Amino acid sequence: MGTPAVVMGRYIFTPAAAYSAPGARGTLHGEGKPVELFVTEPLLGEFLECLSRAQNDLDRRWGAQEQSNGNVACV
């Protein structure tokens with residue numbers, strides 16, 4: 001299964017599949033029209049990956065905090 005599409009305001013970004021041909025790009029659609037991605041697609045994909053890692057880390061920390069009744073040190 002590939003990376004899911006991400007809704008960003010009125011735009012939807014669909015990353016290229018990990019098994020795509022070299023040079024394959026994700027797609028960005030807004031208001032029913034495609035937006036060409038040349039330079040920005042790798043940067044956007046990397047940014048979304050960083051956000052996903054940050055969200056996973058926050059979920060892990062908040063889960064640990066809830067299990068310890070709020071008595072957990074930041075790691």
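As a reminder, the structure under discussion sits directly above these lines.
In what follows, the accompanying structure is described. (Residues numbered from 1 in each chain as written. Predicted model: local features only at pLDDT ≥ 70, side-chain atom pairs only at ≥ 80, totals over all residues. Heavy atoms only, no water.)

1. Topic: the sheet that holds strand 3 (residues 27-30)
Hydrogen bonds between backbone groups are what pair the strands of a sheet, and the pairing can be parallel or antiparallel. With antiparallel pairing, the 4 strands of this open sheet are ordered in space as 1-2-3-4. Looking at which strands have only one partner, the edges of the open sheet turn out to be strand 1 (6-8) and strand 4 (33-35). On average, adjacent strands in this sheet sit at an angle of 30° to one another, irrespective of strand direction. Strand direction decides the pairing type here: strand 3 and strand 4, joined by 3 bridges, are antiparallel. Following the sheet pairing, Gly 30 is matched in strand 4 by Lys 33. (Pairing = 2+ DSSP bridges. Helix = DSSP H or I, 4+ residues; strand = E, 2+ residues; numbered from the N terminus. Axes fitted to C-alpha atoms, helices over the stretch in contact; angles between N-to-C directions.)

2. Some remarks on the pattern of salt bridges
Counted under the stated rule, the structure contains 4 salt bridges. Among the salt bridges present, the one from Arg 10 reaches Glu 31, with a minimum N-O distance of 3.0 Å. Highlighted residues: Arg 10 in the loop between strand 1 and strand 2 (11-14) and Glu 31 in the loop between strand 3 and strand 4, separated in sequence by 21 residues. Residues Arg 10 and Glu 31 agree in their burial class; the two are exposed. One salt bridge in this structure joins Asp 57 and Arg 61, with 3.1 Å as the shortest N-O distance. One end of the pair, Asp 57, and the other, Arg 61, are both in helix 1 (residues 40-67), 4 residues apart, so they sit about a helical turn from each other. Accessibility expressed as a relative area gives 26% for Asp 57, which makes it partly exposed. Assessed through its relative accessible area of 26%, Arg 61 is described here as partly exposed. What emerges from the salt-bridge pattern is a single network uniting Asp 57, Arg 60 and Arg 61. (Salt bridge = Lys/Arg side-chain N within 4 Å of Asp/Glu carboxyl O. Buried < 20%, exposed > 50% of the residue type's maximum accessible area, 1.4 Å probe, protein only.)

Geometric descriptors of this kind do not, in isolation, establish any biological role.
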